[in-house]
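Residue-level structural notes
Here is how the chains run, residue by residue.
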Amino acid sequence: MTLKAIRADFLHCLADPGAGAGATACEDLADGLLVIRDGLIDGLQPAATLLPLLGGDIEIEDWRGHLVVPGFVDTHAHYPQVDVIASHATQLLDWLERYTYPEERKFAERSHAEAVATFFLDRLIENGTTTAAVFCTVHPQSAEAFFAAAEQRNLRMIAGKCLMDRHCPEYLRDTAESAYRESKALIERWHGKGRLGYAITPRFAPTSTPAQLAACGRLAREHPDTWIQSHVAESKSEVTWARELFPGSRSYLDVYDRAGLLRERAVYGHCIWLDDADRARMAASGTAAAFCPTSNLFLGSGLYDYRQASAAGVTTGLATDVGGGTSYSMLTTMAEGYKVQQLLGTNLHPAELLYLATLAGAQALGLAHRIGNFAPGKEADFAVLAPAATPQLARRTGLRENALDRFFALMMLGDKRAVAATYVMGNRF
Ligand code: GUN
Ligand code: ZN
């Protein structure tokens, strides 16, 4: 048995602050002690209460002056796209063809996939992200390399081999049959191994034949506890294309519904151009949306309406969508998400932004019983934020004591420089 404690200021969400609870959905504990037993959270209490009760042999890591928040949850990212970030293109389909597909070809080489997986996970960790739902390439070895790298770091990661059998370069195509067979082998090898989970990953409806989507549905039925991830209604031209390809479906989302790909633990990137019936279907099926603000702005895809989705009962998680997204930092992603909602006339409370990046992401991924806040029994994944990381932050955060106000400034002004340390299962990276 290992027992340790972290001494710092703590901030975490206990519920959705948008559901009428406001800041009371957040616990803000100045000078607290987080006790960790065998990598799991034992409890969080004021240091003044707990210190006299603790035996002398417990190791205390002293982060006083820092703000500890739950590890960030990135609900949608592409690890093979680390080398296409910030590539100039017009919009989504142009960007995919000019940069993304050619880059993904390199992942046929296992050694390349291993090197990139290591690079990607290092970026996540330095940014305080401890869980992500990740697209690999069509090559099964790209998923092997990613899972092996995540396992080595004991990270809670969800990933899957990308499936596409049409409308992409020949060199990136699988088939309905090989998609089924290779995904199944990866599920058997990696799903539920340690902290890893498998996501059935059709890239998006335009690059899968109906036969391949049906194979995905079959996999989903045969493995009901796996995840499903894809893209939907990201850009207007993509929506038009999907509707042309599937004239028998009521909507783009309905293509996935008919294939049996809407359910709990199914997470769809973007979800910008949906209608009310789509949102109702997502809510009823427990399907979640990944809000990708930096990507949606960069590719000019559109403004995701968080309030509209929440009002319809859709769970939203926040996501970087690297490399359509332009930052690994979930602090930056929260800041951009805030600005997108401002443009829509919605003012998000700082607590809602913290929620989106932590507990809501855990809920979107069906992992709220394991991660997302500091409730006893959860896994001790967290980020230690430095309110004085930069001269500007030091001036701004030194002015007010309120933890949510400091957190808001950290989001707006911070990036990985504001992440002093990341802990995974109670261990510092
Ligand atoms: N739609 C299909 N593939 C992709 C991708 O790689 N990135 C984004 N942002 N959208 C997609
Ligand atoms: Zn994506």
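Residues numbered from 1 in each chain as written. Chains lettered and ligands numbered in written order. Predicted model: local features only at pLDDT ≥ 70, side-chain atom pairs only at ≥ 80, totals over all residues. Heavy atoms only, no water.

A closer look at the overall build of the protein
Note the following rule: Put simply, DSSP marks the helices as runs of H or I at least four residues long and the strands as runs of E at least two long, and each gets a number from the N terminus on. It is over C-alpha atoms that the radius of gyration is taken, and the globule rule equals 2.2 Å times the number of residues to the power 0.38. Accessible area is worked out with a 1.4 Å probe on protein chains only. A residue is then buried under 20% of its type maximum, exposed over 50%, and partly exposed in between.
For the protein, the count of helices and strands is 17 helices and 16 strands. Compactness check: the protein gives a C-alpha radius of gyration of 21 Å against a globular reference of 22 Å for 429 residues, within 12% of the reference. Each principal axis of the C-alpha atoms in the protein carries an extent, and together these give about 65 × 45 × 40 Å. For the protein, buried positions account for 62% of its 429 residues.

Some remarks on the coordination of the zinc ion (ligand 2)
Heads up, the rule is: Any N, O or S atom lying within 2.8 Å of the metal counts as a donor, with the limit raised to 3.2 Å for Na, K and Ca; because water is left out of the atom set, some sites can appear incomplete. Here the metal geometry follows the donor angles, with tetrahedral for four donors whose angles all fall between 85 and 135 degrees, square planar for four and octahedral for six when opposite donors are more than 155 degrees apart and every other angle is between 65 and 115, and irregular for all the rest.
Distances from the zinc ion (ligand 2) to its protein donors, His76 (NE2), His78 (NE2), His231 (NE2) and Asp321 (OD), fall within 2.0 to 2.3 Å. Seen from the zinc ion (ligand 2), its four donor atoms lie at angles of 92 to 166°, and the figure they make is irregular. Here the donor residues of the zinc ion (ligand 2) are spaced in sequence according to H-x1-H-x152-H-x89-D. With His231 in strand S10 (residues 227-232) and Asp321 in the loop between strand S13 (316-318) and helix H13 (330-343), the pair connects residues that are 90 residues apart, well separated along the chain. Asp321 matches His231 in its accessibility class, with the two residues each being buried.

Some remarks on the site of ligand 1
Note the following rule: Throughout, the term near means that a residue has one or more heavy atoms lying within 4 Å of the molecule or strand in question. In the analysis that follows, any N or O atom pair within 3.5 Å is treated as a polar contact, provided that within protein one partner can donate a hydrogen and the other can accept it, and provided that, for residues neighboring in sequence, both atoms belong to side chains. For the accessible areas, the method is Shrake-Rupley and the probe is 1.4 Å, while residue cover comes only from the protein chains on display. Only protein atoms enter the 1 Å grid, on which a cavity is a set of points fitting a 1.4 Å probe that cannot get out and a pocket is an open set with protein on both sides within 12 Å along at least 5 of 7 lines, lining residues being those with an atom within 4 Å of a point. Any molecule with more than half of its atoms within 2 Å of a cavity's or pocket's grid points is regarded as sitting in that cavity or pocket. Each residue is assigned to one of three groups, with Ala, Val, Leu, Ile, Met, Phe, Trp, Tyr, Cys and Pro labelled nonpolar, Asp, Glu, Lys and Arg labelled charged, and all others, Gly among them, labelled polar.
In the neighbourhood of ligand 1, the contacting residues comprise His78, Gln81, Leu92, Trp95, Leu96, Arg203, Phe204, His231, Glu234, His270, Ser295 and Asp321. At 2.7 Å, a side-chain N or O of Glu234 approaches a nitrogen atom of ligand 1. Here Asp321 contributes a side-chain N or O atom positioned 2.8 Å from a nitrogen atom of ligand 1. Within the complex, the protein chains bury 100% of what would otherwise be the 270 Å² of accessible surface of ligand 1. Among the cavities detected, the one that contains ligand 1 is the largest cavity. At three residues, the largest contribution of residues to the shell around ligand 1 is made by helix H3 (residues 92-104). Residues belonging to the shell around ligand 1 are distributed by class as follows: four nonpolar, five polar and three charged.

Some thoughts on helix H14 (residues 350-357)
Where burial is concerned, most of H14 is hidden: eight out of the eight residues are buried. The complete set of buried residues in H14 reads Pro350, Ala351, Glu352, Leu353, Leu354, Tyr355, Leu356 and Ala357.

Considerations on empty space enclosed by the protein
Put simply, the rule reads: Grid points are joined across faces, edges and corners, and a volume is the space filled by probe spheres set on the points.
Applying the stated criterion to the full structure yields two cavities of 30 Å³ or more. Looking at the largest cavity, its volume works out to about 100 Å³. What lines the largest cavity is His78, Gln81, Leu92, Trp95, Leu96, Arg203, Phe204, His231, Glu234, His270, Asp321 and Gly324. In terms of residue class, the lining of the largest cavity is built from four nonpolar, five polar and three charged. Lining the second largest cavity are Gly71, Val73, Thr130, Ile371, Gly372, Glu379 and Asp381. Classifying every residue of the lining of the second largest cavity gives two nonpolar, three polar and two charged.

A few points about the sheet that holds strand S14 (residues 382-385)
Operational definition: Here a strand pair is declared whenever DSSP counts at least two bridges between the two strands. Throughout, a residue-residue contact means that at least one pair of heavy atoms, one from each residue, lies within 4.5 Å. Orientation is described by lines fitted to C-alpha atoms, with helices fitted over the stretch in contact, and by angles between N-to-C directions that extend from 0 to 180 degrees.
Read from one edge to the other, the open sheet built from seven strands follows the order S3-S2-S1-S4-S14-S15-S16, with strand pairing classed as mixed. Of all strands in the sheet, those with a lone pairing partner are strand S3 (40-46) and strand S16 (427-428), marking the two edges. Here S14 runs beside strand S15 (residues 419-424); their pairing, made up of four bridges, is antiparallel. Bridge pairing in S15 links Leu385 to Val419. Across the sheet, H14 is in contact with strand S1 (3-13), strand S2 (26-37) and strand S4 (59-70); its angle to S1 comes to roughly 125°.

Observations regarding the pattern of salt bridges
As a reminder of what qualifies: The salt bridge definition used is simple: a Lys or Arg side-chain nitrogen within 4 Å of an Asp or Glu carboxyl oxygen.
Summed over the entire model, instances satisfying the criterion amount to 32 salt bridges. A salt bridge links Arg189 to Glu144, with the nearest nitrogen and oxygen atoms 3.0 Å apart. In this pair, Arg189 is assigned in helix H6 (residues 176-190) and Glu144 in helix H5 (residues 140-152), connecting sequence segments 45 residues apart. With a closest N to O distance of 3.8 Å, Arg173 and Glu170 form a salt bridge. Judged by its relative accessible area of 36%, Arg173 falls in the partly exposed class. Taking the relative accessible area as the measure of exposure, Glu170 reaches 62% and is therefore exposed. When salt bridges that share partners are traced, they join Arg156, Arg195, Glu379 and Asp381 into one network.

Digging into the packing of H5 against H6
The test is simple: For this classification, under 35 degrees means roughly parallel, over 145 means roughly antiparallel, 65 to 115 means roughly perpendicular, and everything else is oblique. Handedness of a helix crossing follows the sense of rotation of the near helix relative to the far helix, less than a right angle counterclockwise being left-handed and clockwise being right-handed.
Axis separation between H5 and H6 bottoms out at 11 Å; the angle between their running directions is 15°. Judged by the angle between their axes, H5 and H6 are roughly parallel. Crossing handedness for the pair H5 and H6: right-handed. Of the residues in H6, those in contact with Pro140, Ala143, Glu144, Phe147, Ala148 and Glu151 of H5 are Glu182, Leu186, Arg189 and Trp190.

With respect to the environment of Ala8
Considering the arrangement of structural elements, one finds Ala8 in strand S1. As a C-alpha pair, Ala8 and Leu67 span 59 residues in sequence and 6.3 Å in three-dimensional space. Not counting the four nearest positions on each side in its chain, Ala8 is found in contact with Leu29, Ala30, Asp31, Gly32, Trp63, Arg64, His66 and Val68.

Thoughts on the pairing of strand S9 (residues 196-202)
Let me state the cut-off plainly: Here a crossover is taken to be right-handed if, once the strands point away from the viewer, the path from the first strand over the helix to the second is traced clockwise.
Within S9, seven of the seven residues are buried, which leaves it mostly tucked inside the rest of the structure. Of the two faces of S9, both are covered, the one formed by Leu196, Tyr198, Ile200 and Pro202 as well as the one formed by Gly197, Ala199 and Thr201. Pairing geometry for strand S7 (residues 156-160) and S9, over three bridges, is parallel. Across the sheet, the residue bridging to Ile158 is Gly197, located in S9. The pairing of strand S8 (residues 162-163) with S9 spans two bridges and is classified as parallel. Bridge pairing in S9 places Cys162 opposite Thr201. Each parallel crossover has a hand, and for S8 linked through H6 to S9 it is right-handed.

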